[in-house]
2 protein chains.
Amino acid sequence: MARMERMAPKTRRPERRQEPLSRERIVGAAVELLDSVGEGGLTFRALAERLSTGPGAIYWHVTGKTELLAAATDAVLTGALGGDDTGTAPQEAIRALALGLFDAIDAHPWVGTQLAHTAQSPMLRVFERVGRQVQALRVPEAHWFTAASSLMSYILGVAGQNAANARRARPGMDRTEFLGGVAAAWTELDPEQYAFTRSVAGQLREHDDRAEFVAGIDLILGGITALR
Amino acid sequence: MARMERMAPKTRRPERRQEPLSRERIVGAAVELLDSVGEGGLTFRALAERLSTGPGAIYWHVTGKTELLAAATDAVLTGALGGDDTGTAPQEAIRALALGLFDAIDAHPWVGTQLAHTAQSPMLRVFERVGRQVQALRVPEAHWFTAASSLMSYILGVAGQNAANARRARPGMDRTEFLGGVAAAWTELDPEQYAFTRSVAGQLREHDDRAEFVAGIDLILGGITALR
DNA sequence: ACCTGAACACCGTTCAAGT
DNA sequence: ACCTGAACACCGTTCAAGT
(Lines give C-alpha, C1' and ligand atoms only; values in the text may rest on other atoms or scores of the structure.)
Protein backbone atom coordinates (compact mmCIF):
# COMPACT_ATOMS: atom_id res chain seq x y z
CA MET A 1 0.00 0.00 0.00
CA ALA A 2 2.86 2.34 0.79
CA ARG A 3 4.56 0.97 -2.31
CA MET A 4 3.00 3.12 -4.92
CA GLU A 5 2.57 6.44 -3.29
CA ARG A 6 -0.64 7.18 -5.06
CA MET A 7 -1.33 10.36 -3.19
CA ALA A 8 -4.62 11.09 -4.82
CA PRO A 9 -4.78 14.73 -5.82
CA LYS A 10 -7.38 16.67 -4.00
CA THR A 11 -9.31 17.40 -7.12
CA ARG A 12 -10.23 14.59 -9.46
CA ARG A 13 -7.95 14.32 -12.45
CA PRO A 14 -9.82 16.60 -14.79
CA GLU A 15 -11.30 13.73 -16.83
CA ARG A 16 -9.55 14.91 -19.98
CA ARG A 17 -12.78 16.67 -20.71
CA GLN A 18 -12.96 17.78 -24.30
CA GLU A 19 -11.27 21.14 -24.67
CA PRO A 20 -13.30 23.25 -27.06
CA LEU A 21 -12.46 23.00 -30.71
CA SER A 22 -10.16 25.70 -32.03
CA ARG A 23 -8.26 26.45 -35.16
CA GLU A 24 -5.09 25.69 -33.29
CA ARG A 25 -6.20 22.25 -32.13
CA ILE A 26 -7.50 21.42 -35.58
CA VAL A 27 -4.27 22.37 -37.31
CA GLY A 28 -2.29 20.44 -34.74
CA ALA A 29 -4.34 17.33 -35.28
CA ALA A 30 -4.00 17.77 -39.03
CA VAL A 31 -0.22 17.87 -38.75
CA GLU A 32 -0.24 14.70 -36.67
CA LEU A 33 -2.49 12.98 -39.11
CA LEU A 34 -0.36 14.03 -42.06
CA ASP A 35 2.75 12.81 -40.32
CA SER A 36 1.34 9.48 -39.33
CA VAL A 37 -0.87 8.52 -42.26
CA GLY A 38 0.38 10.74 -45.04
CA GLU A 39 -1.40 13.12 -47.35
CA GLY A 40 -4.02 10.60 -48.30
CA GLY A 41 -4.88 10.07 -44.66
CA LEU A 42 -5.92 13.62 -43.94
CA THR A 43 -9.67 13.38 -44.16
CA PHE A 44 -12.32 15.54 -42.60
CA ARG A 45 -13.91 12.43 -41.22
CA ALA A 46 -10.68 11.05 -39.78
CA LEU A 47 -9.80 14.46 -38.41
CA ALA A 48 -13.25 14.82 -36.88
CA GLU A 49 -12.99 11.44 -35.21
CA ARG A 50 -9.62 12.33 -33.76
CA LEU A 51 -11.17 15.47 -32.35
CA SER A 52 -14.31 13.60 -31.39
CA THR A 53 -16.73 15.68 -33.38
CA GLY A 54 -18.50 15.58 -36.66
CA PRO A 55 -16.82 16.68 -39.87
CA GLY A 56 -19.04 19.72 -40.12
CA ALA A 57 -17.68 21.20 -36.91
CA ILE A 58 -14.29 21.75 -38.50
CA TYR A 59 -15.75 24.06 -41.07
CA TRP A 60 -16.66 26.51 -38.38
CA HIS A 61 -12.95 27.18 -37.77
CA VAL A 62 -11.44 26.56 -41.17
CA THR A 63 -12.81 27.36 -44.60
CA GLY A 64 -11.87 24.08 -46.23
CA LYS A 65 -9.16 21.59 -46.96
CA THR A 66 -7.00 24.00 -48.90
CA GLU A 67 -6.76 26.38 -45.99
CA LEU A 68 -6.20 23.50 -43.62
CA LEU A 69 -3.23 22.25 -45.59
CA ALA A 70 -1.82 25.74 -45.90
CA ALA A 71 -2.14 26.26 -42.15
CA ALA A 72 -0.46 22.93 -41.41
CA THR A 73 2.40 23.79 -43.74
CA ASP A 74 2.72 27.19 -42.19
CA ALA A 75 2.88 25.70 -38.72
CA VAL A 76 5.75 23.39 -39.61
CA LEU A 77 7.71 26.01 -41.48
CA THR A 78 7.25 28.57 -38.76
CA GLY A 79 8.72 26.08 -36.31
CA ALA A 80 11.70 25.55 -38.57
CA LEU A 81 12.33 29.27 -38.85
CA GLY A 82 12.68 29.64 -35.12
CA GLY A 83 16.41 30.22 -34.80
CA ASP A 84 18.13 33.54 -34.40
CA ASP A 85 21.03 34.50 -36.66
CA THR A 86 22.34 37.54 -34.85
CA GLY A 87 26.04 37.19 -34.30
CA THR A 88 26.55 34.34 -36.73
CA ALA A 89 28.68 34.67 -39.84
CA PRO A 90 26.40 35.06 -42.87
CA GLN A 91 27.51 31.89 -44.62
CA GLU A 92 26.98 29.92 -41.46
CA ALA A 93 23.61 31.52 -40.82
CA ILE A 94 22.46 30.58 -44.30
CA ARG A 95 23.60 27.00 -43.86
CA ALA A 96 21.82 26.76 -40.52
CA LEU A 97 18.61 28.20 -41.89
CA ALA A 98 18.76 25.90 -44.89
CA LEU A 99 19.41 22.83 -42.77
CA GLY A 100 16.58 23.74 -40.44
CA LEU A 101 14.19 23.80 -43.36
CA PHE A 102 15.69 20.67 -44.84
CA ASP A 103 15.21 18.73 -41.64
CA ALA A 104 11.71 20.05 -41.10
CA ILE A 105 10.63 19.02 -44.57
CA ASP A 106 12.38 15.69 -44.18
CA ALA A 107 10.42 15.08 -40.99
CA HIS A 108 7.14 16.21 -42.58
CA PRO A 109 7.48 15.18 -46.22
CA TRP A 110 4.01 16.37 -47.13
CA VAL A 111 5.27 19.92 -46.64
CA GLY A 112 7.39 19.47 -49.74
CA THR A 113 4.30 18.83 -51.81
CA GLN A 114 2.44 21.73 -50.27
CA LEU A 115 5.25 24.13 -51.10
CA ALA A 116 4.34 23.75 -54.74
CA HIS A 117 0.71 24.54 -54.03
CA THR A 118 0.33 27.34 -51.56
CA ALA A 119 2.53 28.60 -48.77
CA GLN A 120 2.91 32.19 -49.78
CA SER A 121 3.66 33.72 -46.43
CA PRO A 122 6.22 31.22 -45.13
CA MET A 123 8.15 31.66 -48.34
CA LEU A 124 8.27 35.37 -47.77
CA ARG A 125 9.76 34.81 -44.35
CA VAL A 126 12.42 32.54 -45.80
CA PHE A 127 13.19 35.11 -48.45
CA GLU A 128 13.66 37.81 -45.84
CA ARG A 129 15.94 35.69 -43.69
CA VAL A 130 18.09 34.65 -46.62
CA GLY A 131 18.13 38.16 -48.01
CA ARG A 132 19.51 39.68 -44.84
CA GLN A 133 22.43 37.31 -44.94
CA VAL A 134 23.01 38.11 -48.59
CA GLN A 135 23.29 41.74 -47.61
CA ALA A 136 25.68 40.79 -44.85
CA LEU A 137 27.80 39.04 -47.46
CA ARG A 138 28.38 42.46 -49.01
CA VAL A 139 26.99 41.45 -52.36
CA PRO A 140 26.46 44.49 -54.60
CA GLU A 141 22.90 45.71 -54.25
CA ALA A 142 22.07 45.07 -57.89
CA HIS A 143 22.46 41.34 -57.22
CA TRP A 144 20.51 41.12 -53.99
CA PHE A 145 17.30 39.93 -55.48
CA THR A 146 18.87 37.30 -57.71
CA ALA A 147 21.12 35.98 -54.98
CA ALA A 148 18.36 35.73 -52.41
CA SER A 149 15.83 34.17 -54.73
CA SER A 150 18.33 31.65 -56.10
CA LEU A 151 19.20 30.55 -52.61
CA MET A 152 15.60 30.32 -51.51
CA SER A 153 14.58 28.41 -54.61
CA TYR A 154 17.39 26.00 -54.16
CA ILE A 155 16.63 25.46 -50.50
CA LEU A 156 12.92 24.87 -50.89
CA GLY A 157 13.24 23.05 -54.19
CA VAL A 158 15.89 20.62 -53.06
CA ALA A 159 14.34 20.05 -49.67
CA GLY A 160 11.06 19.23 -51.40
CA GLN A 161 12.68 16.77 -53.75
CA ASN A 162 14.57 15.15 -50.96
CA ALA A 163 11.31 14.60 -49.15
CA ALA A 164 9.89 13.01 -52.28
CA ASN A 165 12.85 10.65 -52.47
CA ALA A 166 12.53 9.84 -48.81
CA ARG A 167 8.88 9.00 -49.33
CA ARG A 168 9.83 6.63 -52.11
CA ALA A 169 12.27 4.80 -49.88
CA ARG A 170 10.66 4.97 -46.46
CA PRO A 171 8.92 1.65 -45.85
CA GLY A 172 11.10 1.01 -42.85
CA MET A 173 14.02 0.32 -45.10
CA ASP A 174 17.51 1.00 -43.89
CA ARG A 175 19.13 4.00 -45.49
CA THR A 176 22.41 2.50 -46.63
CA GLU A 177 20.59 -0.60 -47.73
CA PHE A 178 18.31 1.55 -49.85
CA LEU A 179 21.15 3.53 -51.39
CA GLY A 180 22.97 0.31 -52.09
CA GLY A 181 19.95 -0.98 -53.94
CA VAL A 182 19.65 2.12 -56.08
CA ALA A 183 23.36 2.12 -56.79
CA ALA A 184 23.14 -1.50 -57.85
CA ALA A 185 20.27 -0.65 -60.17
CA TRP A 186 22.32 2.15 -61.68
CA THR A 187 25.10 -0.27 -62.45
CA GLU A 188 22.73 -2.26 -64.57
CA LEU A 189 21.64 0.64 -66.74
CA ASP A 190 22.42 0.68 -70.42
CA PRO A 191 26.14 1.61 -70.60
CA GLU A 192 25.64 3.85 -73.59
CA GLN A 193 22.60 5.75 -72.52
CA TYR A 194 23.65 6.11 -68.92
CA ALA A 195 27.43 6.28 -69.00
CA PHE A 196 27.64 9.14 -66.53
CA THR A 197 25.07 7.82 -64.10
CA ARG A 198 26.84 4.48 -63.99
CA SER A 199 30.15 6.16 -63.36
CA VAL A 200 28.88 7.86 -60.20
CA ALA A 201 26.97 4.92 -58.78
CA GLY A 202 29.79 4.44 -56.30
CA GLN A 203 29.53 8.04 -55.13
CA LEU A 204 25.81 7.57 -54.66
CA ARG A 205 26.36 4.64 -52.35
CA GLU A 206 28.34 6.65 -49.85
CA HIS A 207 26.47 9.86 -50.38
CA ASP A 208 24.68 11.82 -47.71
CA ASP A 209 21.61 13.83 -48.74
CA ARG A 210 22.13 16.35 -46.05
CA ALA A 211 25.80 16.91 -46.82
CA GLU A 212 25.02 17.05 -50.53
CA PHE A 213 22.39 19.66 -49.82
CA VAL A 214 24.87 21.85 -47.97
CA ALA A 215 27.46 21.29 -50.68
CA GLY A 216 24.97 22.72 -53.17
CA ILE A 217 24.41 25.72 -50.92
CA ASP A 218 28.14 26.24 -50.81
CA LEU A 219 28.33 26.10 -54.58
CA ILE A 220 25.78 28.89 -54.79
CA LEU A 221 27.47 30.84 -52.02
CA GLY A 222 30.69 30.46 -53.97
CA GLY A 223 29.02 31.93 -57.02
CA ILE A 224 27.50 34.72 -54.98
CA THR A 225 30.64 35.82 -53.23
CA ALA A 226 32.38 35.85 -56.61
CA LEU A 227 30.02 38.69 -57.50
CA ARG A 228 31.74 41.22 -55.31
CA MET B 1 -22.27 30.64 -104.35
CA ALA B 2 -18.81 30.95 -105.85
CA ARG B 3 -17.90 32.92 -102.78
CA MET B 4 -17.01 30.08 -100.46
CA GLU B 5 -15.30 27.53 -102.63
CA ARG B 6 -16.61 24.52 -100.84
CA MET B 7 -15.06 21.92 -103.18
CA ALA B 8 -16.42 18.81 -101.57
CA PRO B 9 -13.62 16.22 -101.22
CA LYS B 10 -14.10 13.10 -103.31
CA THR B 11 -14.15 10.80 -100.36
CA ARG B 12 -16.36 11.60 -97.46
CA ARG B 13 -14.44 13.07 -94.60
CA PRO B 14 -13.56 9.89 -92.71
CA GLU B 15 -16.26 10.31 -90.08
CA ARG B 16 -13.64 10.57 -87.33
CA ARG B 17 -14.50 7.00 -86.54
CA GLN B 18 -13.32 6.03 -83.09
CA GLU B 19 -9.72 4.87 -83.20
CA PRO B 20 -9.25 2.05 -80.71
CA LEU B 21 -8.28 2.99 -77.20
CA SER B 22 -4.58 2.80 -76.43
CA ARG B 23 -2.26 3.81 -73.66
CA GLU B 24 -0.89 6.47 -75.94
CA ARG B 25 -4.24 8.05 -76.68
CA ILE B 26 -5.21 7.93 -73.03
CA VAL B 27 -2.05 9.64 -71.88
CA GLY B 28 -2.41 12.23 -74.61
CA ALA B 29 -5.96 13.01 -73.55
CA ALA B 30 -4.84 13.18 -69.94
CA VAL B 31 -2.18 15.76 -70.79
CA GLU B 32 -4.75 17.86 -72.65
CA LEU B 33 -7.16 17.64 -69.78
CA LEU B 34 -4.50 18.59 -67.26
CA ASP B 35 -3.43 21.53 -69.38
CA SER B 36 -6.93 22.82 -69.95
CA VAL B 37 -8.72 22.14 -66.68
CA GLY B 38 -5.87 21.63 -64.24
CA GLU B 39 -5.08 18.84 -61.85
CA GLY B 40 -8.53 18.83 -60.35
CA GLY B 41 -10.07 18.36 -63.78
CA LEU B 42 -8.36 15.06 -64.54
CA THR B 43 -11.08 12.60 -63.74
CA PHE B 44 -11.63 9.12 -65.01
CA ARG B 45 -15.14 10.09 -65.93
CA ALA B 46 -14.09 13.25 -67.76
CA LEU B 47 -11.29 11.37 -69.46
CA ALA B 48 -13.65 8.60 -70.46
CA GLU B 49 -16.11 11.05 -71.94
CA ARG B 50 -13.37 12.74 -73.95
CA LEU B 51 -12.43 9.32 -75.30
CA SER B 52 -16.08 8.34 -75.66
CA THR B 53 -15.97 5.29 -73.44
CA GLY B 54 -16.78 4.33 -69.93
CA PRO B 55 -14.37 4.93 -67.07
CA GLY B 56 -13.69 1.23 -66.70
CA ALA B 57 -12.19 0.96 -70.16
CA ILE B 58 -9.23 3.08 -69.15
CA TYR B 59 -8.21 0.58 -66.54
CA TRP B 60 -7.49 -1.95 -69.21
CA HIS B 61 -4.57 0.15 -70.42
CA VAL B 62 -3.45 1.88 -67.25
CA THR B 63 -3.32 0.56 -63.71
CA GLY B 64 -4.74 3.63 -62.02
CA LYS B 65 -4.52 7.36 -61.56
CA THR B 66 -1.02 7.29 -60.13
CA GLU B 67 0.38 5.60 -63.20
CA LEU B 68 -1.63 7.87 -65.43
CA LEU B 69 -0.16 10.99 -63.85
CA ALA B 70 3.33 9.53 -63.98
CA ALA B 71 2.91 8.71 -67.66
CA ALA B 72 1.62 12.19 -68.44
CA THR B 73 4.57 13.74 -66.62
CA ASP B 74 6.95 11.46 -68.41
CA ALA B 75 5.49 12.41 -71.76
CA VAL B 76 5.98 16.13 -71.18
CA LEU B 77 9.47 15.76 -69.78
CA THR B 78 10.56 13.46 -72.56
CA GLY B 79 9.46 16.09 -75.03
CA ALA B 80 11.50 18.71 -73.20
CA LEU B 81 14.59 16.53 -73.25
CA GLY B 82 14.53 16.32 -77.01
CA GLY B 83 17.53 18.50 -77.90
CA ASP B 84 21.00 17.32 -78.76
CA ASP B 85 24.01 18.82 -77.01
CA THR B 86 26.81 17.48 -79.15
CA GLY B 87 29.07 20.29 -80.23
CA THR B 88 27.77 22.81 -77.71
CA ALA B 89 29.92 24.26 -74.98
CA PRO B 90 29.06 22.56 -71.69
CA GLN B 91 27.87 25.69 -69.92
CA GLU B 92 25.65 26.53 -72.86
CA ALA B 93 24.34 22.99 -73.08
CA ILE B 94 23.36 23.07 -69.43
CA ARG B 95 21.58 26.37 -69.82
CA ALA B 96 19.69 25.08 -72.83
CA LEU B 97 18.67 21.90 -71.11
CA ALA B 98 17.58 23.81 -68.03
CA LEU B 99 15.57 26.32 -70.02
CA GLY B 100 13.89 23.55 -71.98
CA LEU B 101 12.71 22.00 -68.75
CA PHE B 102 11.77 25.36 -67.31
CA ASP B 103 9.60 26.20 -70.29
CA ALA B 104 8.01 22.78 -70.39
CA ILE B 105 7.04 22.97 -66.75
CA ASP B 106 5.87 26.52 -67.20
CA ALA B 107 3.61 25.39 -70.02
CA HIS B 108 2.35 22.39 -68.02
CA PRO B 109 2.38 23.58 -64.41
CA TRP B 110 0.94 20.34 -63.06
CA VAL B 111 4.25 18.69 -63.96
CA GLY B 112 5.87 20.69 -61.19
CA THR B 113 3.59 19.10 -58.65
CA GLN B 114 4.13 15.65 -60.05
CA LEU B 115 7.89 15.97 -59.79
CA ALA B 116 7.51 15.82 -56.05
CA HIS B 117 5.44 12.68 -56.26
CA THR B 118 6.79 10.25 -58.80
CA ALA B 119 8.77 10.73 -61.95
CA GLN B 120 11.72 8.53 -61.24
CA SER B 121 12.81 7.76 -64.78
CA PRO B 122 12.67 11.24 -66.27
CA MET B 123 14.79 12.48 -63.41
CA LEU B 124 17.39 9.91 -64.21
CA ARG B 125 17.53 11.15 -67.78
CA VAL B 126 17.99 14.72 -66.59
CA PHE B 127 20.72 13.59 -64.23
CA GLU B 128 22.57 11.85 -67.04
CA ARG B 129 22.36 14.81 -69.38
CA VAL B 130 23.53 17.25 -66.73
CA GLY B 131 26.26 14.88 -65.58
CA ARG B 132 27.80 14.58 -69.00
CA GLN B 133 28.18 18.31 -69.19
CA VAL B 134 29.68 18.38 -65.72
CA GLN B 135 32.28 15.93 -66.95
CA ALA B 136 32.89 18.13 -69.96
CA LEU B 137 33.51 21.03 -67.58
CA ARG B 138 36.54 19.12 -66.36
CA VAL B 139 35.35 19.03 -62.79
CA PRO B 140 37.46 16.65 -60.67
CA GLU B 141 35.78 13.26 -60.58
CA ALA B 142 35.26 13.36 -56.82
CA HIS B 143 32.82 16.25 -57.31
CA TRP B 144 30.84 14.81 -60.22
CA PHE B 145 27.99 13.50 -58.18
CA THR B 146 27.57 16.61 -56.06
CA ALA B 147 27.80 18.96 -59.01
CA ALA B 148 25.33 17.02 -61.12
CA SER B 149 22.81 16.50 -58.39
CA SER B 150 22.98 20.12 -57.24
CA LEU B 151 22.31 21.30 -60.75
CA MET B 152 19.48 18.87 -61.29
CA SER B 153 17.87 19.69 -57.97
CA TYR B 154 18.08 23.37 -58.68
CA ILE B 155 16.63 22.98 -62.15
CA LEU B 156 13.70 20.82 -61.18
CA GLY B 157 13.11 22.54 -57.88
CA VAL B 158 13.08 26.05 -59.23
CA ALA B 159 11.12 25.15 -62.32
CA GLY B 160 8.52 23.56 -60.10
CA GLN B 161 8.26 26.55 -57.86
CA ASN B 162 8.02 28.87 -60.79
CA ALA B 163 5.10 26.86 -62.06
CA ALA B 164 3.46 27.18 -58.66
CA ASN B 165 3.89 30.94 -58.76
CA ALA B 166 2.57 31.08 -62.28
CA ARG B 167 -0.51 29.15 -61.18
CA ARG B 168 -1.08 31.66 -58.42
CA ALA B 169 -1.00 34.56 -60.86
CA ARG B 170 -2.47 33.12 -64.03
CA PRO B 171 -6.14 34.19 -64.13
CA GLY B 172 -5.56 36.05 -67.39
CA MET B 173 -3.62 38.71 -65.52
CA ASP B 174 -0.89 40.63 -67.26
CA ARG B 175 2.58 39.71 -66.12
CA THR B 176 3.99 43.14 -65.38
CA GLU B 177 0.70 44.13 -63.83
CA PHE B 178 0.94 41.13 -61.55
CA LEU B 179 4.54 41.80 -60.56
CA GLY B 180 3.64 45.40 -59.93
CA GLY B 181 0.91 44.30 -57.59
CA VAL B 182 3.20 42.01 -55.62
CA ALA B 183 5.90 44.67 -55.47
CA ALA B 184 3.36 47.16 -54.16
CA ALA B 185 2.30 44.66 -51.51
CA TRP B 186 5.93 44.21 -50.50
CA THR B 187 6.27 47.93 -50.01
CA GLU B 188 3.52 47.80 -47.45
CA LEU B 189 5.11 45.11 -45.31
CA ASP B 190 6.22 45.86 -41.80
CA PRO B 191 9.49 47.81 -42.22
CA GLU B 192 11.14 46.05 -39.34
CA GLN B 193 10.20 42.48 -40.06
CA TYR B 194 10.66 42.76 -43.79
CA ALA B 195 13.43 45.28 -44.28
CA PHE B 196 15.22 43.26 -46.92
CA THR B 197 12.15 42.25 -48.87
CA ARG B 198 11.01 45.86 -49.01
CA SER B 199 14.41 46.95 -50.23
CA VAL B 200 14.27 44.67 -53.27
CA ALA B 201 10.66 45.33 -54.22
CA GLY B 202 11.91 47.49 -57.06
CA GLN B 203 14.10 44.69 -58.39
CA LEU B 204 11.11 42.39 -58.29
CA ARG B 205 9.10 44.72 -60.45
CA GLU B 206 11.51 44.55 -63.35
CA HIS B 207 12.52 40.96 -62.76
CA ASP B 208 12.27 38.15 -65.26
CA ASP B 209 11.69 34.63 -63.91
CA ARG B 210 13.41 33.03 -66.80
CA ALA B 211 16.48 35.26 -66.62
CA GLU B 212 16.59 34.84 -62.85
CA PHE B 213 16.48 31.11 -63.32
CA VAL B 214 19.47 31.17 -65.63
CA ALA B 215 21.28 33.55 -63.30
CA GLY B 216 20.91 30.95 -60.56
CA ILE B 217 22.31 28.29 -62.88
CA ASP B 218 25.24 30.53 -63.57
CA LEU B 219 25.83 30.99 -59.87
CA ILE B 220 26.06 27.23 -59.47
CA LEU B 221 28.20 26.89 -62.56
CA GLY B 222 30.46 29.54 -61.06
CA GLY B 223 30.78 27.51 -57.91
CA ILE B 224 31.37 24.32 -59.88
CA THR B 225 34.08 25.64 -62.13
CA ALA B 226 35.80 27.06 -59.06
CA LEU B 227 36.29 23.43 -58.00
CA ARG B 228 38.95 22.72 -60.60
C1' DA C 1 -8.78 -9.28 -75.95
C1' DC C 2 -11.10 -5.39 -75.00
C1' DC C 3 -15.02 -2.50 -73.67
C1' DT C 4 -19.38 -1.17 -70.92
C1' DG C 5 -21.54 0.89 -67.18
C1' DA C 6 -23.67 -0.03 -62.89
C1' DA C 7 -22.18 -0.53 -58.22
C1' DC C 8 -19.12 0.15 -54.09
C1' DA C 9 -16.73 2.64 -50.77
C1' DC C 10 -15.21 6.91 -49.79
C1' DC C 11 -14.49 11.85 -50.16
C1' DG C 12 -15.18 17.33 -49.40
C1' DT C 13 -18.69 20.28 -48.33
C1' DT C 14 -23.35 22.02 -46.95
C1' DC C 15 -26.97 22.85 -43.96
C1' DA C 16 -31.12 22.33 -41.11
C1' DA C 17 -31.38 21.33 -36.58
C1' DG C 18 -29.84 21.40 -32.13
C1' DT C 19 -27.41 23.51 -27.69
C1' DA D 1 -21.68 31.22 -31.05
C1' DC D 2 -20.65 26.78 -31.88
C1' DC D 3 -21.50 21.84 -32.76
C1' DT D 4 -23.98 17.64 -34.91
C1' DG D 5 -24.55 14.41 -38.38
C1' DA D 6 -27.38 13.27 -42.24
C1' DA D 7 -27.43 14.38 -47.03
C1' DC D 8 -25.48 15.82 -51.62
C1' DA D 9 -22.60 15.56 -55.42
C1' DC D 10 -18.64 13.58 -56.91
C1' DC D 11 -14.60 10.65 -56.95
C1' DG D 12 -11.30 6.25 -57.97
C1' DT D 13 -11.80 1.61 -58.67
C1' DT D 14 -13.97 -2.99 -59.42
C1' DC D 15 -16.33 -6.35 -61.84
C1' DA D 16 -19.97 -9.14 -63.98
C1' DA D 17 -21.57 -8.97 -68.33
C1' DG D 18 -21.16 -8.18 -72.99
C1' DT D 19 -18.71 -8.25 -77.89
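About the criteria used
Residues numbered from 1 in each chain as written. Chains lettered and ligands numbered in written order. Predicted model: local features only at pLDDT ≥ 70, side-chain atom pairs only at ≥ 80, totals over all residues. Heavy atoms only, no water. Helix = DSSP H or I, 4+ residues; strand = E, 2+ residues; numbered from the N terminus. Buried < 20%, exposed > 50% of the residue type's maximum accessible area, 1.4 Å probe, protein only. Contact = heavy atoms within 4.5 Å. Expected span 1.5 Å × (residues − 1). Core = buried A, V, L, I, M, F, W, Y, C linked by side-chain atoms within 4.5 Å. Near = heavy atom within 4 Å. Polar contact = N/O pair within 3.5 Å; in protein donor to acceptor, adjacent residues only side chain to side chain. Nonpolar A, V, L, I, M, F, W, Y, C, P; charged D, E, K, R; others polar.

Caption draft 1: View of the environment of leucine 219 of chain A. In this structure, leucine 219 of chain A sits in helix H12 (residues 209-225). Leucine 219 of chain A gets classed as buried once you look at its relative accessible area, which sits at 7%. Along the chain, leucine 219 of chain A and glycine 64 of chain A lie 155 residues apart, while their C-alpha atoms are 41 Å from each other. Excluding residues within four positions of it along the chain, leucine 219 of chain A makes contact with Ser150, Leu219, Ile220, Gly223, Ile224 and Leu227 of chain B.

Caption draft 2: Representation of helix H1 (residues 23-37) of chain B in the model. Residues and elements named next belong to chain B. For H1, built from 15 residues, the straight-helix expectation of 21 Å at 1.5 Å per residue is met to within 8% by its first-to-last C-alpha distance of 21 Å. Burial in H1 covers these residues: Ile26, Val27, Ala29, Ala30, Val31, Leu33 and Leu34. Lining the buried residues of H1 we find helix H2 (44-50), helix H3 (55-58), helix H4 (65-80) and helix H6 (110-115). Downstream of H1 by a residue or two, glycine 38 has a phi angle that is positive, lying close to 85°.

Caption draft 3: Up close: the nonpolar core. Within the largest apolar cluster, 140 residues are counted, with the highest numbers of intra-cluster contacts made by Leu47 and Phe213 of chain A together with Leu47 and Phe213 of chain B. Not counting the four nearest positions on each side in its chain, phenylalanine 213 of chain B is found in contact with Ala98, Leu99, Phe102, Tyr154, Ile155, Val158 and Ala159 of chain B.

Caption draft 4: Broad picture of the protein's contact with DNA strand D. Close contacts around DNA strand D come from 16 residues, with Thr53, Gly56 and His61 of chain A together with Arg45 and Lys65 of chain B the closest. Among the atoms of DNA strand D close to the protein, meaning within 4 Å, 48% are from sugar or phosphate groups. Between a phosphate oxygen of DNA strand D and a main-chain N or O atom of leucine 42 of chain B, the distance comes to 3.4 Å. At a separation of 2.7 Å, a phosphate oxygen of DNA strand D approaches a polar side-chain atom of lysine 65 of chain B. A breakdown of the residues in the surface near DNA strand D according to their chemical character gives 6 nonpolar, 7 polar and 3 charged.

Caption draft 5: Quick peek at the side chain of threonine 225 of chain B. Among the structural elements, threonine 225 of chain B can be located in helix H12 (residues 209-225). Once residues lying within four places of it in the same chain are set aside, the contact partners of threonine 225 of chain B are Gln91 and Leu137 of chain B.

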